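Structural overview
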Amino acid sequence: MPLFRKSRSLLLASAAAGIVVAAGVAVTGTAEAASTLGASAAQSGRYFGAAIAAGKLGDGTYTGILTREFNAVTPENEMKWDATEPSQGRFTFTNGDRILNQGLSNGSKVRGHALLWHAQQPGWAQSLSGSALRTAAINHVTQVATHYKGKIYAWDVVNEAFADGGSGGRRDSNLQRTGNDWIEAAFRAARAADPNAKLCYNDYNTDGVNAKSTGIYNMVRDFKSRGVPIDCVGFQSHLGTGIPGDYQANLQRFADLGVDVQITELDVAQGGNQAGVYASVTRACMAVSRCTGITVWGIRDSDSWRTGENPLLFDNSGNKKAAYTSVLNALNAGGTTPSSSTSAPPQSGGACGASVSLNSWNGGFVATVRVIAGSAPINGWTVTVTLPSGSAVTSAWSATNTGTTGTVSFRNVAYNGQLAAGGATEFGFQGTGAGPTATPACSAG
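Residues numbered from 1 in each chain as written. Predicted model: local features only at pLDDT ≥ 70, side-chain atom pairs only at ≥ 80, totals over all residues. Heavy atoms only, no water.

A closer look at the overall build of the protein
- Helix and strand counts for the protein stand at 11 helices and 20 strands.
- Taking all 445 residues of the protein together, the buried fraction comes to 59%.
- Taking the intrachain contacts of the protein between residues at least 6 apart in sequence as the baseline, contacts between residues at least 24 apart amount to 76%.
- Total accessible area on the protein is roughly 15,600 Å²; 50% of this is exposed by carbon and sulfur atoms. (Helix = DSSP H or I, 4+ residues; strand = E, 2+ residues; numbered from the N terminus. Buried < 20%, exposed > 50% of the residue type's maximum accessible area, 1.4 Å probe, protein only. Contact = heavy atoms within 4.5 Å. Areas by Shrake-Rupley, 256 points an atom, 1.4 Å probe, with all protein chains shown as cover.)

Structure follows, in structure tokens:
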């Protein structure tokens, strides 16, 4: 995550720009190419977003590009700890709400960023330690997530908690020194405060299979095995002249744990093959069925924290660059369909259909359900799932459930009920016992 004052040095990937797409990946083309980034991503059920600053929302060129091109937004700084709780117990949400309202007014998803981070803490938090800091941190998570309950698509609950280098271990910070379970505690607090938001862990220099990304992988695997509520992992992808050759494979191994993966802070230095690198990242996401979206960290080069590197898709004047076209073409080429899923065509009348994919272990499972609109737009959906005897739902995200055993119904939440004809969205749930094997039923309205 870029610091507000741009004080963190950037470690850039230097691998060759090409990426090999694994054989056997199912790719579906689109009937008609969309002409904007957000619309193109939406064709495969994904989003393409931008990090934005409240202070730039008065810039007509900036907001024009934002509302035309993107279907998701992330606040650059407005929802961080120092911005939302400048003095202990006194919360200010004015600028965070501006970002939220900008996104919602445009029909965009909003990614909350970030609840806990070792940097950009208010001075009063920096002066705390031990149980006092732990209590304050969990209260902060609870209060901020509660304020935005039902309105945030996904939260970066914890940001950059792992160290660079070869250890694969945690970063030393005041938060880490409150106890190794602080990340788990933050995720549990966030789930309690907003049960329907996707909860993500976010970090940088994790673009390939390396010690740092493997340390995070091991944490996520442990969380999933113990029922700690984690739904997604964010890969910042601040890149230089290339991407690691195992970029897609790294995304896939996390997805195989039963979490979504998201490219959260993408920017690429203009030196070298910028357009090619952007296209490779986009194709990698499109090839992984659980890669749900891409966010670029800024809109125009002049808005970027990487001064002089011109790393974004629009130049200083707001003109589209070659990298923009390469991304648009990659999005319009189509994406994967969910693997290992039970699929169903839209139900009679063209209302909606649903499919489910499972990640199971001894005694539990995570189910990801894909909802697909039929031949006409829908405004709201309900999916009914039948669980085997002895199984039970323990938590759900991006939907609200009625019942926990037997026949369980799931209803859309505020941000994912409206689907264009042929459009898709996903929700998920975790449970004990065995996962569902029958095709879910979907009804619209």
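Now that the structure is up, let's keep going.
Digging into the sheet that holds strand S14 (residues 381-386)
- Read across the sheet, 4 strands follow the order S16-S17-S14-S20 without closing on themselves; strand pairing throughout is antiparallel. Looking at which strands have only one partner, the edges of the open sheet turn out to be strand S16 (400-402) and strand S20 (441-444). Each strand of the sheet is rotated relative to its neighbour by a mean of 25°, with strand direction disregarded.
- Note: S14 against S20, 4 bridges, orientation antiparallel. Bridge pairing in S20 links threonine 384 to alanine 441. (Pairing = 2+ DSSP bridges. Axes fitted to C-alpha atoms, helices over the stretch in contact; angles between N-to-C directions.)

Some remarks on the UniProt feature "active site" (unreviewed entry) in the protein
- The residues that UniProt annotates with the feature "active site" (unreviewed entry) are Glu265.
- Along the chain, the position of glutamate 265 falls in strand S8 (residues 260-268). (UniProt positions renumbered as here; feature names shortened; annotations may be inferred.)

Some details on the packing of aromatic side chains
- Under the criterion given, the structure shown has 15 aromatic pairs.
- Between tyrosine 217 and phenylalanine 254 the ring centres are 5.5 Å apart and the planes differ by 85°, which places this aromatic pair in the edge-to-face class. With tyrosine 217 in helix H8 (residues 211-226) and phenylalanine 254 in helix H9 (residues 247-255), the pair connects residues that are 37 residues apart, well separated along the chain.
- Residue tyrosine 217 is classed as buried on the basis of its relative accessible area, which comes to 17%. (Phe/Tyr/Trp six-rings, centres within 6.5 Å; stacked < 30°, edge-to-face > 60°.)

Overview of unusual backbone geometry
- Here the residue pair histidine 113 and alanine 114 is connected by a cis peptide bond, since its omega of -10° sits within 30 degrees of zero.
- Positionally, alanine 114 belongs in strand S3 (residues 109-117).

Focus: the pattern of salt bridges
- On inspection of all chains with the given rule, the structure shows 19 salt bridges.
- As a salt-bridge pair, lysine 212 and aspartate 164 come within 2.9 Å of each other at their nearest N and O atoms. One end of the pair, lysine 212, is in helix H8; the other, aspartate 164, is in the loop between strand S4 (154-159) and helix H7 (182-193), and 48 residues separate them in sequence.
- Aspartate 164 sits in the partly exposed class, given a relative accessible area of 34%.
- When the shortest N-O distance is used, the salt bridge between aspartate 172 and arginine 177 registers 2.9 Å. The same class applies to aspartate 172 and to arginine 177, which are both exposed.
- Each member of the salt-bridge network shares a partner with another, and the members are Lys56, Asp59, Arg300 and Asp303. (Salt bridge = Lys/Arg side-chain N within 4 Å of Asp/Glu carboxyl O.)

Re the environment of serine 213
- Mapped onto the secondary structure, serine 213 falls in helix H8.
- Along the primary structure serine 213 and glycine 168 are separated by 45 residues, whereas in three dimensions their C-alpha atoms are 7.3 Å apart.
- Those residues in contact with serine 213 that sit more than four places away from it in its chain are Thr206, Gly208, Asn250, Arg253 and Phe254.
- Separated by 2.7 Å, the side chain of serine 213 and the backbone oxygen of glycine 208 make a polar contact. (Polar contact = N/O pair within 3.5 Å; in protein donor to acceptor, adjacent residues only side chain to side chain.)

Regarding helix H11 (residues 322-332)
- Across the 11 residues of H11, 8 count as buried, placing the element largely inside the fold.
- Along H11, the residues classified as buried are Ala323, Tyr324, Ser326, Val327, Leu328, Ala330, Leu331 and Asn332.
- The secondary structure elements touched by the buried residues of H11 are helix H1 (37-42), strand S1 (47-52), helix H2 (60-69) and helix H10 (274-287).
- A positive phi of about 105° marks glycine 334, the residue just after H11.

Some remarks on the nonpolar core
- By size, the foremost hydrophobic cluster in this structure holds 87 residues, and its most contacted members are Phe48, Phe70, Trp155, Phe187 and Leu313.
- Broken down by element, the residue count for this core peaks at 7 residues, all from H7.
- Beyond its immediate chain neighbours, meaning those up to four positions away, phenylalanine 187 contacts Val157, Val158, Leu199, Cys200, Tyr201, Phe223, Val228, Pro229 and Ile230. (Core = buried A, V, L, I, M, F, W, Y, C linked by side-chain atoms within 4.5 Å.)

Observations concerning the pairing of S4
- Counting buried positions over the 6 residues of S4 gives 6, a clear majority of the element.
- Of the pairings in the sheet, the one linking S4 to strand S5 (residues 198-203) comprises 5 bridges and is parallel in character. By the bridge assignment, aspartate 156 is partnered in S5 with cysteine 200.

Description of the state of the cysteines
- Counted under the stated rule, the structure contains 3 disulfides.
- Disulfide pairing is shown between cysteine 200 and cysteine 232; the S-S distance is 1.9 Å. Between cysteine 200 and cysteine 232, the S-S dihedral sits near -80°, and the bridge is therefore left-handed. In this pair, cysteine 200 is assigned in strand S5 and cysteine 232 in strand S6 (residues 232-235), connecting sequence segments 32 residues apart. The pair cysteine 200 / cysteine 232 is uniform in exposure class, with both members buried. (Disulfide = S-S within 2.5 Å.)

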